[in-house]
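The primary structure of each chain is shown beneath.
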Amino acid sequence: MPKNGRLSELPLANVRFARPTAKLAECRRFYHEVLGLPVIAEFSGHAGYDGVVIGLPDAAVQLELVHDGGAVPEPSPENQVVLYLGDTAAVETAAAPVLAAGHGSVVTANPYWSDRGAVAFEDPDGWVVILAPWAYGQES
C-alpha cells in the first residue's frame, strides 16, 4: 500500500475519457470503421444513456462516447483527441483510410500541431482528432 495514499503511487488499470455526443452512430462509425479503433463495449438505455467505448492504441486508455438525448456542448477547437503515433510513416498509414473515406484534413486552431507535422481531422461532432508523428515525452 502506498505510504501517502496518493493516486500517483497507485497503479491504474485503465483510463477512460468520456464525452457527450449528439451523433453517436456517426461517431461510432468514424472512430471504429474509418480510424479502425476497436469497439470495447456498447450500451443502450443504461441509466438513460446510450454509448460506445472505443479502445485507443494503448488498451489501458479508452474513449467513451455517450448520448442521453440532452444538449451537447458546441464544438470547440479545444476539443481534441490526440493520438501520438511515433513517426511520420505511422501518421501517413493512419491518415490514409480517413482520407479515403472522404474526410479531409483540417487546420488546427493552434499552429503547434501542423508546425510539427501532425495531421488533423474532425469527427462528426466537430472534435479534432490529431495524428501526431512523435511519442509524447520523447520529442527531440
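Residues numbered from 1 in each chain as written. Predicted model: local features only at pLDDT ≥ 70, side-chain atom pairs only at ≥ 80, totals over all residues. Heavy atoms only, no water.

Draft legend 1. Summary view of the pairing of strand β5 (residues 80-84). Only one face of β5 is buried, namely the one carrying V81 and L83, since none of Q80, V82 and Y84 on the opposite face is buried. Inspection of the sheet shows β5 paired to strand β7 (residues 128-132) by five bridges, in the parallel sense. Bridge pairing in β7 links V81 to V129. (Buried < 20%, exposed > 50% of the residue type's maximum accessible area, 1.4 Å probe, protein only. Helix = DSSP H or I, 4+ residues; strand = E, 2+ residues; numbered from the N terminus. Pairing = 2+ DSSP bridges.)

Draft legend 2. Broad picture of the environment of D87. Among the structural elements, D87 can be located in the loop between β5 and α2 (88-100). Overall, D87 belongs to the partly exposed group, its relative accessible area being 39%. Placed 31 residues apart in sequence, D87 and A118 show a C-alpha to C-alpha distance of 9.7 Å. Filtering out sequence-adjacent residues up to four positions away, D87 remains in contact with P133 and W134. Among the polar contacts made by the side chain of D87, one reaches the main-chain amide nitrogen of A90 at a distance of 2.8 Å. (Contact = heavy atoms within 4.5 Å. Polar contact = N/O pair within 3.5 Å; in protein donor to acceptor, adjacent residues only side chain to side chain.)

Draft legend 3. Representation of the environment of D125. On the secondary structure map, D125 appears in the loop between β6 (119-122) and β7. Residues D125 and L99, 26 residues apart in the sequence, show an inter-C-alpha distance of 17 Å. Filtering out sequence-adjacent residues up to four positions away, D125 remains in contact with R19, P20, T21, A22, K23, C27 and P75. Among the polar contacts made by the side chain of D125, one reaches the side chain of R19 at a distance of 3.2 Å. Of note is the side chain of D125, whose polar atom sits 3.5 Å from the backbone nitrogen of K23.

Draft legend 4. Structural context of unusual backbone geometry. Of note, the phi angle at A47 is positive, near 55°, even though the residue is not glycine. When you line up the elements, A47 lands in the loop between β2 (39-46) and β3 (49-55). Given a relative accessible area of 69%, A47 falls into the exposed group.

Draft legend 5. Looking closely at the nonpolar core. Counting 21 residues, the largest nonpolar core has F30, Y31, L35, L63, L65 and L131 as its most contacted members. For this core, the elements supplying multiple residues, two or more each, are α1 (24-34), β3, β4 (61-67), β5, α2 and β7. Looking at this core, the element that brings in the most residues is α1, giving five residues. Counting seven residues, the second-largest nonpolar core is a separate cluster that includes W113, A118, A120 and A132. (Core = buried A, V, L, I, M, F, W, Y, C linked by side-chain atoms within 4.5 Å.)

Draft legend 6. The arrangement of the sheet that holds β5 in detail. With mixed pairing, three strands are arranged side by side in an open sheet as β5-β7-β6. The two strands at the open ends of the sheet, each matched to only one other strand, are β5 and β6. Averaged over neighbouring strand pairs, the angle between their axes works out to 20° when direction is ignored. Judged from the four bridges that link them, β6 and β7 form a sheet pairing that is antiparallel. Across the sheet, residue V119 finds its bridge partner in β7, namely L131. (Axes fitted to C-alpha atoms, helices over the stretch in contact; angles between N-to-C directions.)

Draft legend 7. α2, seen in detail. Across its 13 residues, α2 extends 18 Å between first and last C-alpha, which sits within 8% of the 18 Å expected from 1.5 Å per residue. If you check which residues of α2 are buried, you get V91, A95 and V98. If you follow the buried residues of α2, they end up packed against α1, β6 and β7. Between the side-chain oxygen at the start of α2 and the backbone nitrogen of A89 there is a gap of 3.2 Å, and the oxygen is on D87. G102 sits one or two residues past α2 and shows a positive phi near 95°. (Expected span 1.5 Å × (residues − 1).)

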